[in-house]
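Working through the structure, step by step
Letter by letter, the chains look like this.
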Amino acid sequence: MEKEIYTKEDIYKAMKFTEELANEHDFSPNEVLKLQLVTEEACTNSHEYCEKMNYKSFSIKWAVTSKGIEILLRQKGSSFPLVQQHEINKGKRGRGIPLILNIMDEVWVKEDQDHIEFYMRKEKGV
Amino acid sequence: MFVIQEGLIDIFQVNEDITIRNVEIFQNKMKTFLTDAKQFLLLDLEHVEYLNSSALGIIAHTAMQSKQLDKKFVVAGIHPSLEEIFIIVKFSSFMRLFPTVEEGMDYLTNDISN
């Protein structure tokens with residue numbers, strides 16, 4: 001399952017698709033909410049980057065395997081560090097990646113020529 | 001989303017989840033809430049199960065700004081799903097959080113009496 005994301009409304013639709021998929025595969029209500037959140041956060045980061053660099057869109061792909069729900073975002077650009085926050089953040093921004101790193105069981109970023117892939121995975125019931 | 005007053009306490013009741021669709025509205029309303037409230041502010045999240053990270057940032061900013069303005073700000077009615085998120089972002093280290101609106105009100109009422 002794959003979608004191309006152009007607008008904020010597309011991000012909302014992607015969140016809803018994650019919700020639908022997670023519900024279909026019997027993730028708990030709490031897990032479903034968290035999966036929606038990481039979808040929104042990852043997509044929002046990509047969307048902001050696309051706007052800054054004047055790229056049209058990015059893609060998001062979902063898979064459900066024995067390892068759980070896997071979400072992969074792909075866009076033009078270069079890699080960035082995945083930094084867990086240890087200090088208390090009292091500011092307006094900067095909570096997206098720390099939330100994703102806390103919620104998901106596996107997260108990585110990979111550079112592929114002039115594209116990057118951002119991968120997140122969550123096992124059911126963990 | 002609307003503000004009501006109970007005595008000296010201004011209460012901002014949020015009755016929907018905050019996502020990319022409505023976070024700008026939430027930001028504007030929180031700014032007005034902080035500016036217009038006299039001294040005691042309660043953010044009521046009883047009907048909220050989901051906040052995106054921008055909404056979390058708005059709440060953090062409000063907490064910090066209220067201290068600068070010498071106003072007392074608390075968050076109450078925290079749903080269990082949000083409680084986990086608030087733990088991840090360590091909100092309890094710089095703002096008062098209450099599981100129910102009643103407990104939040106009691107805390108502020110005690111403050112008013114003292």
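Residues numbered from 1 in each chain as written. Chains lettered and ligands numbered in written order. Predicted model: local features only at pLDDT ≥ 70, side-chain atom pairs only at ≥ 80, totals over all residues. Heavy atoms only, no water.

Considerations on the overall build of chain B
As a reminder of what qualifies: Segments assigned H or I by DSSP are reported as helices when at least four residues long, segments assigned E as strands when at least two residues long, and all are numbered from the N terminus. Throughout, radius of gyration means the C-alpha value; the globule benchmark is 2.2 Å times the number of residues raised to the power 0.38. Categorising residues by exposure relies on relative accessible area from a 1.4 Å probe, with only protein chains included: less than 20% of the type maximum marks a residue as buried, more than 50% marks it as exposed, and the intermediate range marks it as partly exposed.
Within chain B, the regular secondary structure consists of four helices and five strands. The C-alpha atoms of chain B give 13 Å as radius of gyration, which agrees with the globular expectation for 114 residues (13 Å, within 12%). Dimensions along the principal axes, computed over C-alpha positions, put chain B at roughly 40 × 25 × 25 Å. For chain B, the proportion of its 114 residues judged to be buried stands at 49%.

Some words on the interface of chain A and chain B
For clarity, the threshold we go by: In this description, contact between two residues means that some pair of their heavy atoms is separated by no more than 4.5 Å. What gets called buried area is simply the loss in accessible area from a 1.4 Å probe that two parts show on being joined, summed for both. Salt bridges are defined by distance alone: a side-chain nitrogen of Lys or Arg within 4 Å of a carboxyl oxygen of Asp or Glu. Here a polar contact is taken to be a pair of N or O atoms separated by no more than 3.5 Å, where protein atoms must pair a possible hydrogen donor with a possible acceptor and residues adjacent in sequence count only if both atoms sit in side chains.
Contacts between the two partners involve 26 residues from chain A, matched on the other side by 24 residues from chain B. Overall, the association of chain A and chain B removes approximately 2200 Å² of surface from exposure, summing both partners, and the carbon and sulfur fraction of that is 63%. Broken down residue by residue, the surface that chain A buries against chain B is led by A:Lys90, A:Lys92 and A:Arg95, which jointly contribute 26%. Inspection of the region where chain A meets chain B yields three salt bridges. The residue A:Lys34 makes a salt bridge to B:Glu84 at a minimum N-O spacing of 2.5 Å. On the surface where chain A and chain B come into contact, there are eight residue pairs in polar contact (both at pLDDT 80 or more).

Regarding the sheet that holds strand E3 (residues 40–44) of chain B
Residue and element names in this part refer to chain B. Under the convention used in this document: For two strands to count as paired, DSSP must find a minimum of two bridges between them. Angles shown run from 0 to 180 degrees and are taken between the N-to-C directions of axes, each axis being a line fitted to C-alpha atoms and, for helices, limited to the stretch in contact.
Ordered in space as E1-E2-E3-E4-E5, the five strands form an open sheet in which the pairing is mixed. Looking at strand neighbours, the two that pair on one side only are strand E1 (2–6) and strand E5 (96–98), the edges of this open sheet. Pairwise comparison of adjacent strand axes, ignoring direction, gives a mean angle of 25 degrees for this sheet. On top of the sheet, helix H1 (residues 23–36) reaches E1, strand E2 (9–13), E3 and strand E4 (72–76); it is set at about 175 degrees to E2, its chief contact. Across the sheet, helix H2 (residues 53–68) lies against E3 and E4, angled at about 150 degrees from E4, the strand it touches most.

A closer look at the sheet that holds strand E1 (residues 2–5) of chain A
All names here are of chain A. Ordered by their spatial adjacency, five strands build an open sheet running E1-E2-E3-E5-E4, and the pairing between neighbours is antiparallel. Edge strands, defined here as strands with exactly one partner in the open sheet, are E1 and strand E4 (106–112). Between one strand axis and the next, the sheet turns by 20 degrees as a mean value, whatever way the strands run. Alignment of E4 against strand E5 (residues 115–122), held across seven bridges, turns out to be antiparallel. Within E5, the position partnered with Val 107 by the bridge is Met 120. Against the sheet, helix H2 (residues 29–53) makes contact with strand E2 (58–65), strand E3 (68–76) and E5, and its axis sits at roughly 5 degrees relative to E3, the strand it touches most. Across the sheet, helix H3 (residues 96–103) is in contact with E4 and E5; its angle to E5 comes to roughly 45 degrees.

What about the pattern of salt bridges?
Residue and element names in this part refer to chain A. Tallied over the full model, the rule gives 10 salt bridges over all chains. Among the salt bridges present, the one from Glu 117 reaches Arg 74, with a minimum N-O distance of 3.5 Å. One end of the pair, Glu 117, is in strand E5; the other, Arg 74, is in strand E3, and 43 residues separate them in sequence. Residues joined in a network through salt bridges with shared partners are Arg 74, Asp 112 and Glu 117.

As for empty space enclosed by the protein
So the rule is basically this: A cavity here means a set of 1 Å grid points, computed over protein atoms only, where a 1.4 Å probe fits but cannot escape. A pocket is an open set with protein on both sides within 12 Å along at least 5 of 7 lines, and lining residues have an atom within 4 Å of a point. Grid points are joined across faces, edges and corners, and a volume is the space filled by probe spheres set on the points. We call Asp, Glu, Lys and Arg charged. Ala, Val, Leu, Ile, Met, Phe, Trp, Tyr, Cys and Pro are nonpolar, and the rest, Gly among them, are polar.
What the rule picks out here adds up to one cavity of 30 Å³ or more. Looking at the largest cavity, its volume works out to about 70 Å³. Around the largest cavity, the lining residues are A:Asn30, A:Leu33, A:Lys34, A:Leu37, B:Glu49, B:Tyr50, B:Leu51, B:Ser81, B:Leu82 and B:Ile85. Elements with a minimum of two residues in the lining of the largest cavity: H2 of chain A together with helix H3 (80–88) of chain B. No other element matches H2(A), which puts four residues into the lining of the largest cavity. Tallied by class, residues from the lining of the largest cavity come to six nonpolar, two polar and two charged.

A word on the layout of surface pockets
Of the pockets and cavities examined, the largest pocket occupies roughly 900 Å³. A:Thr44, A:Asn45, A:Glu48, A:Arg93 and B:Ser54 are, among the 36 residues lining the largest pocket, the residues nearest its centre. Taken together, the elements giving at least two residues each to the lining of the largest pocket come down to H2, E3, H3 and E5 of chain A together with H1 and H2 of chain B. Considering every element that reaches the lining of the largest pocket, the biggest residue donor is H2(A), with 11 residues. The residue inventory of the lining of the largest pocket, partitioned by class, reads 11 nonpolar, 13 polar and 12 charged. Its boundaries defined by the atoms lining it, the second largest pocket holds a volume of some 220 Å³. Elements supplying a minimum of two residues to the lining of the second largest pocket: H1 and H2 of chain B. Here the lining of the second largest pocket is composed, by residue class, of four nonpolar, six polar and two charged.

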